[in-house]
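Results of the structural survey
Single-letter residue listing:
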Amino acid sequence: DGGGSEEVTPPDDASLKDIGGLGEVLKELKELIAIPLKRPDLLAKLGLEPTRGVLLVGPPGTGKTLTARALAEELGVNYIALVGPEVISKYYGEAEQRLRGIFDKAAKNAPCIVFIDEIDSLAPDRSKVEGEVEKRLVAQLLSLMDGFAQTKGVIVLAATNRPDHLDPALRRPGRFDREVQFRVPDRNGRKEILQILTRSMPLDDSVSLDAIADSAVGFVGSDLKAVCQKAAYSALRRQVPSLESIIPDTMTVNQSDFLQALKEVKPAVLRSVEVES
Ligand code: ATP
């Protein structure tokens, strides 16, 4: 059927409780999609057009994928995920059919969230691309979104960090007409994320998540995850210097492990500046 083998069951390993610093964003998104997914009949009674597509806009590593998965889990709906560039490269020449297959599958499995990561690669601004294949794919995606007018209980969440590269037609009413911003977390956001990421780490009394959050300016969620992993490895090296060492009864991660890790991890924003310059 061209739909491929994506899982449609809701992910059970992601929860809204695992997402830090995005309180307002999560609330807004949940409100936007809960009724169209679960009670589309209510909207029809009021003559309202249901939301069909929401753009999740923000830099890599800010939790867009995590959020889409957690919302599916929270609302108890099915979930199909695809990554834009993979659809194109793996199924080159068949990408259109492939997209149609995914949308059909979602309709059959409603209520369902379709998550498209890196949508800019599937729907680049047609006035700026050369290839006919690329242009056809954009047109196909638009027509699939329009075809959704009759389909109830399917929402497409699409992530991008380059909204300005998208074909403008994608954002017309009835397509991706809602947009939610995933920003680089502020200090409090970083602290919340750190609290979540260290929940199951044995932290020493010396650890101050406040101080770490203060220092980690510009770090996004995936950067903070890297910091926590590196700190844990540093703690391991410190307490188990060789594979032959006697393993201590209790191992802890201390503040200097975190300070070391902070030096080693470069935040995504700085990395991307380097790439561009
Ligand atoms: P990309 O655009 O690169 O796909 P993304 O915005 O979808 O990035 P995720 O893939 O969701 O980011 O984040 C990567 C990982 O970083 C997550 O699995 C999670 O462990 C951690 N993470 C990112 N953001 C957060 C957050 N706000 N709270 C907790 N953990 C986060």
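Residues numbered from 1 in each chain as written. Predicted model: local features only at pLDDT ≥ 70, side-chain atom pairs only at ≥ 80, totals over all residues. Heavy atoms only, no water.

Labelled according to an unreviewed UniProt entry, the protein appears under the name AAA family ATPase, originating from Aerosakkonema funiforme FACHB-1375.

Counting its regular elements, the protein contains 11 helices and 5 strands. For the protein, the spread of C-alpha atoms along the principal axes amounts to about 65 × 45 × 35 Å. Classification of the 277 residues of the protein by burial places 45% in the buried group. Sequence separation of at least 24 residues holds for 81% of the intrachain contacts in the protein that already meet a minimum separation of 6. Carbon and sulfur atoms provide 52% of the accessible area of the protein, an area that totals close to 14400 Å². (Helix = DSSP H or I, 4+ residues; strand = E, 2+ residues; numbered from the N terminus. Buried < 20%, exposed > 50% of the residue type's maximum accessible area, 1.4 Å probe, protein only. Contact = heavy atoms within 4.5 Å. Areas by Shrake-Rupley, 256 points an atom, 1.4 Å probe, with all protein chains shown as cover.)

Turning our eyes to something else, we now look at the site of the ligand. By nearness alone, 16 residues border the ligand, and Gly20, Gly61, Gly63, Lys64 and Thr65 come closest of all. Between the ligand and Lys64 there is a distance of 2.9 Å, counted from an oxygen atom to a backbone nitrogen or oxygen. Residue Lys225 places a side-chain N or O atom 3.3 Å away from an oxygen atom belonging to the ligand. Protein contact buries 80% of the 620 Å² of open area that the ligand shows by itself. For the shell around the ligand, the secondary structure elements donating two or more residues are α3 (64-75) and α9 (221-239). Its residues assigned to classes, the shell around the ligand comprises 5 nonpolar, 7 polar and 4 charged. (Near = heavy atom within 4 Å. Polar contact = N/O pair within 3.5 Å; in protein donor to acceptor, adjacent residues only side chain to side chain. Nonpolar A, V, L, I, M, F, W, Y, C, P; charged D, E, K, R; others polar.)

So, about helix α6 (residues 132-147). Taking 1.5 Å of rise per residue, the 16 residues of α6 would be expected to cover 22 Å, and the 22 Å separating its terminal C-alpha atoms lies within 8% of that figure. Looking only at α6, the buried set comprises Leu137, Val138, Gln140, Leu141, Leu142, Leu144 and Met145. Where α6 is buried, its residues meet β1 (53-57), α4 (84-90), α5 (95-108), β3 (112-117), β4 (154-160) and β5 (176-181). (Expected span 1.5 Å × (residues − 1).)

Burial analysis of β4 places 7 of its 7 residues in the buried class, the great majority of the element. By the alternation rule, side chains of β4 split into Val154, Val156, Ala158 and Thr160 and Ile155, Leu157 and Ala159, which are all buried. Note that β1 and β4 share 5 bridges and pair parallel. Bridge pairing links Val57 to Thr160 in β4. Sheet topology note: the β3/β4 ladder contains 5 bridges and is parallel. Within the sheet, the bridge partner assigned to Ile113 lies in β4 and is Ile155. This β-α-β element, β3 to α6 to β4, shows right-handed connectivity. (Pairing = 2+ DSSP bridges. Right-handed = clockwise from strand over helix to strand, strands pointing away.)

Glancing now at α9. For an α-helix the count is 3.6 residues per turn, leaving residues at separations of three or four pointing the same way. Its 19 residues place the ends of α9 27 Å apart at the C-alpha level, agreeing with the 27 Å of an ideal helix rising 1.5 Å per residue. By the burial criterion, the buried members of α9 are Gly221, Asp223, Leu224, Val227, Cys228, Ala231, Ser234, Ala235 and Gln239. Seen end-on, α9 carries its buried residues on one side only, within an arc spanning 155 degrees. Counted as exposed and oriented over 90 degrees from the buried face of α9: Tyr233 and Arg237. (Arc of directions from axis to C-beta.)

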